[in-house]
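Analysis of the macromolecular model
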Amino acid sequence: MTDRIVLAYSGGLDTSVAIGWIAEATGSEVVAVAVDVGQGGESLETVRQRALDCGAVEAYVADARDEFAEQYCMPTLKTNALYMDAYPLVSAISRPVITKHLVAAAQQFGASTVAHGCTGKGNDQVRFEVGIQTLGPELKCIAPVRDLALTRDKAIEYAERNELPIETTKSNPFSIDQNVWGRAVETGFLEDIWNGPTKDVYDYTEDPAFPPAPDVVTITFEAGVPTAIDGRAVTALEAIEELNRRAGAQGVGRIDIVEDRLVGIKSREIYEAPGAMALIAAHKELENITLEREQARFKKTVDQRWTELVYDGQWFSPLKRSLDTFVEDTQRHVSGEIRLRLHAGTAVVEGRRSETSLYDFNLATYDTGDAFDQSSARGFIDIFGLSAKVASEREQRLHGKPDLSAVDSLEQ
Ligand code: ARG
């Protein structure tokens, strides 16, 4: 039987050409796999038909939108994941769900190898291939752009020569990756990091400089995930989509950063993630009132490590799984409502309300009704500061003065 290769297919020029390119270079049959993670655009059926028209022996399409929202975006929300304190992992979380479908298709169609359209310079090749090695250790990987010299120019020439049913003239200067969690745009004039982004870079967000009237939205969470918006029950996918629309209209969630790729390159990327950024702002504040202090402090460390692992392509790794267990446990009481004001590029929390809140009015108030026993604060401070005081007394004994070197060095 002829060897088969499963190709991660987007429907665009490069992967359409890759179907024939891989077949010619390897002598294998190509099975195209397209996964809908909410990137919008053409219907799955159109994409499927194009794959077949470009020479795929089989085409497998999967509507993974709910799966992506529930099993990939929601864990990302629970960790408030922002790589380098800014990037909500848009592309990084879509690779594992696509990988899952690639491996399933390889098994279903009897393929020995999985192919993807990534270059040799980015994170995504790592995410795909580490994921494939983990979920289908028997599978080989190949990347035609990286391994079979499939350049953009050659792709255009190949598509025209073979009359592939795909647009070759629509020249987009940017490399774009998008899904329901957000949108990533790089290359072109953005590679000069002094250049500001122009209007045409954006698609999920309106210009925050010209906002419509403020939009106040109430988001209900249960155990860390949104379950209703303004009192209407929503699925995870619907919550993200509605907030993409409403926060996007206010220009919320535009991000412009130079980030550290796993492969050692610093690269400039523009992101738009209106729904994700609004949800993270709300979720963080709900955690502020529902997590116990030490749990919250430690969770920040876990969140950061989780985010780096996922950015680095370790979605299916043992450590990531163990951290998931911790995070899941912290979310038990992260339930309640957050009122957010979306306006002119900002998503600001205005109100919070929760049955499982740890905020105690009677402990916090400076007015009548104060239940906090202030007299116990003195003893607490004496003991809390005791070890530093004992150390300071030693300095007095040895040098005749307290150790103020930290202060002195600041004053110099
Ligand atoms: N730099 C981002 C990441 O590694 C996005 C990668 C894809 N970006 C793109 N514009 N094609 O997660």
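The paragraphs below set out a description of the structure included in this document. (Residues numbered from 1 in each chain as written. Predicted model: local features only at pLDDT ≥ 70, side-chain atom pairs only at ≥ 80, totals over all residues. Heavy atoms only, no water.)

This brings us to unusual backbone geometry. Even without being a glycine, methionine 84 presents a positive backbone phi close to 50°. Here methionine 84 lies in the loop between helix 3 (65–78) and helix 4 (90–109). The phi dihedral of alanine 149 falls on the positive side, at around 55°, and the residue is not glycine. (Helix = DSSP H or I, 4+ residues; strand = E, 2+ residues; numbered from the N terminus.)

As a further point, take a nonpolar patch on the surface. On the surface, Phe380, Ile381 and Phe384 cluster together into a nonpolar patch covering about 390 Å² of accessible area. According to the relative accessible area criterion, phenylalanine 380 is exposed, its value standing at 53%. (Patch = residues over 30% accessible without salt bridge, like charges linked within 9 Å, V, L, I, M, F, W, Y side chains within 5 Å. Areas by Shrake-Rupley, 256 points an atom, 1.4 Å probe, with all protein chains shown as cover. Salt bridge = Lys/Arg side-chain N within 4 Å of Asp/Glu carboxyl O. Buried < 20%, exposed > 50% of the residue type's maximum accessible area, 1.4 Å probe, protein only.)

Two elements in contact, helix 10 (residues 293–311) and helix 11 (residues 318–330), have axes whose closest approach is 10 Å; the angle formed by their N-to-C orientations is 145°. Here the hand of the crossing between helix 10 and helix 11 comes out left-handed. Residue-level inspection shows Gln295, Phe298, Lys299, Val302, Asp303, Arg305, Trp306, Leu309 and Val310 of helix 10 in contact with helix 11, the latter providing Leu319, Lys320, Leu323, Asp324, Phe326, Val327, Asp329 and Thr330. Looking at the contact of helix 10 with helix 11 residue by residue, the classes come out as nine nonpolar, two polar and six charged. (Axes fitted to C-alpha atoms, helices over the stretch in contact; angles between N-to-C directions. Left-handed = near helix turned anticlockwise from the far one by under 90°. Contact = heavy atoms within 4.5 Å. Nonpolar A, V, L, I, M, F, W, Y, C, P; charged D, E, K, R; others polar.)

Ordered by their spatial adjacency, five strands build an open sheet running 10-9-8-13-14, and the pairing between neighbours is antiparallel. Both edges of this open sheet fall to strand 10 (232–233) and strand 14 (346–353), since each of them pairs with a single strand only. Two strands pair when backbone bridges link them, and strand 9 (residues 225–229) and strand 10 are joined in this way by two bridges, in the antiparallel orientation. If you follow isoleucine 229 over to strand 10, its bridge partner there is arginine 232. Of the strands in this sheet, strand 8 (215–222), strand 9, strand 13 (336–343) and strand 14 touch helix 9 (residues 274–290), which is tilted by about 140° from strand 13. (Pairing = 2+ DSSP bridges.)

This part takes up the packing of aromatic side chains. Tallied over the full model, the rule gives 11 aromatic pairs. Summarising the aromatic geometry, the rings of tryptophan 21 and tyrosine 158 are spaced 5.7 Å apart at their centres and angled 65° between planes, so their arrangement reads as edge-to-face. Remark: tyrosine 158 occurs in helix 7 (residues 152–161) and tryptophan 21 occurs in helix 1 (residues 13–26); sequence separation between them is 137 residues. The buried category is assigned to tryptophan 21, whose relative accessible area is 16%. Among the aromatic residues, those joined into a cluster by ring pairs are Phe68, Tyr72, Trp306 and Trp315. We note arginine 254 situated over the ring of tyrosine 202; from NZ or CZ to the ring centre the distance is 3.6 Å. Note that lysine 320 overlies the ring of tryptophan 315, its terminal NZ or CZ placed 3.9 Å from the centroid. (Phe/Tyr/Trp six-rings, centres within 6.5 Å; stacked < 30°, edge-to-face > 60°. Lys NZ or Arg CZ within 6 Å of the ring centre and 35° of its normal.)

The next point concerns the site of the ligand. As a matter of local geometry, the ligand sits amid 15 residues, with Tyr87, Asn123, Ser175, Glu259 and Glu269 nearest to it. For the ligand, an oxygen atom lies 2.7 Å from a polar atom in the side chain of asparagine 123. Contacts to the ligand include alanine 184, whose backbone N or O atom sits 3.3 Å from a nitrogen atom. The protein chains hide 93% of the 340 Å² of surface that the ligand would expose on its own. At the level of elements, helix 4, helix 5 (124–135), strand 6 (175–179), strand 7 (182–186) and strand 12 (266–272) are the ones that each hand at least two residues to the shell around the ligand. The element that contributes the greatest number of residues to the shell around the ligand is strand 7, accounting for three residues. Here the residues of the shell around the ligand are counted per class, giving six nonpolar, three polar and six charged. (Near = heavy atom within 4 Å. Polar contact = N/O pair within 3.5 Å; in protein donor to acceptor, adjacent residues only side chain to side chain.)

So yeah, pure geometry; function would need other evidence.
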